[in-house]
Amino acid sequence: MLKKGSKLNSILTGSCPRCQNESMYSDKNPLHFSKILQMNEKCSHCGLQYQIEPSFFYGAMYVSYALNVALSIAVFVIAYLFFHSSIKTSFIAIILANIVLFPFVLRWSRNIYINLFVKYDKKYKK
């Protein structure tokens, strides 16, 4: 499922979208909140500059919004329809899920956004 060369591998692992040999982030753990958005300037294997243009990752906010809406709908469906929770309990579950998964959604949105513009190239040389 997560074979090297797939977009899903790059998105879920946070690896370079072009070569998938190293992490884009200086700290791989998204739970270190002080370093959650610190990225390497470029890939040491293929030389891809992650900040493709100034303010490039502002577009990731739209991806983050879509991920949070999808997450909220999924949590609501699970809580309300499957567990037969009240509306109030379902919305509390949505808020808790968004708080708990915030660092992961933040990184995934950046990963998805850069993977929209850069494709995997196993033959790329520096």
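Per-chain numbering applies: the sequence of each chain, read as written, is numbered from 1 onward. The predicted origin of the model limits local features to residues at a pLDDT of at least 70 and limits the giving and counting of side-chain atom pairs to 80 or more, whereas totals for whole chains, interfaces and linings rest on all residues. No hydrogens and no water enter the side-chain calculation; it runs on all heavy atoms of the structure.

Engineer: Which residues make up unusual backbone geometry, and what values do they have?
Structural biologist: Glycine aside, residues mostly have negative phi angles, and peptide bonds mostly take the trans form. Within the chain, glutamine 20 stands out as a residue other than glycine whose phi angle is a positive 55°. When you line up the elements, glutamine 20 lands in the loop between helix H1 (7-13) and helix H2 (60-82). Residue classification places glutamine 20 among the buried residues on the basis of a relative accessible area of 8%. Within the chain, serine 55 stands out as a residue other than glycine whose phi angle is a positive 60°. Secondary structure elements are taken from DSSP: a helix is a run of H or I of four residues or more, a strand is a run of E of two residues or more, and numbering for both begins at the N terminus. Structurally, serine 55 can be placed in the loop between H1 and H2. For each residue, the accessible area found with a 1.4 Å probe, counting protein chains only, is set against the maximum for its type, and the residue is called buried under 20%, exposed over 50%, and partly exposed in between.

Engineer: Give me helix H4 (residues 102-117): which residues, what numbers.
Structural biologist: Given a rise of 1.5 Å per residue, 16 residues ought to cover 22 Å, and the 24 Å separating the end C-alpha atoms of H4 matches this to within 8%. Those residues of H4 that sit buried are Pro103, Val105, Leu106, Arg107, Ser109, Arg110, Asn111, Tyr113, Ile114 and Asn115. The inward-facing, buried residues of H4 contact H1, H2 and helix H3 (87-100). To estimate how far a helix should extend, the number of its residues minus one is multiplied by 1.5 Å. Only heavy atoms enter the contact rule, under which two residues are in contact if any of them lie within 4.5 Å.

Engineer: Report on H2, specifying residues and quantitative values.
Structural biologist: Taking 1.5 Å as the rise per residue, H2 with 23 residues should run 33 Å; its terminal C-alpha atoms sit 32 Å apart, in good agreement. Elements that come into contact with the buried residues of H2 comprise H3 and H4. Looking one or two places after H2, you find histidine 84, whose phi comes out positive at around 55°.

Engineer: Describe the side chain of serine 10, listing the residues and the values that go with them.
Structural biologist: Tracing the chain through its elements places serine 10 in helix H1. Its relative accessible area of 0% is what places serine 10 among the buried residues. Discounting chain neighbours no more than four positions away, the residues touching serine 10 are Ser15, Cys16, Pro17, Gln20, Asn111 and Asn115.

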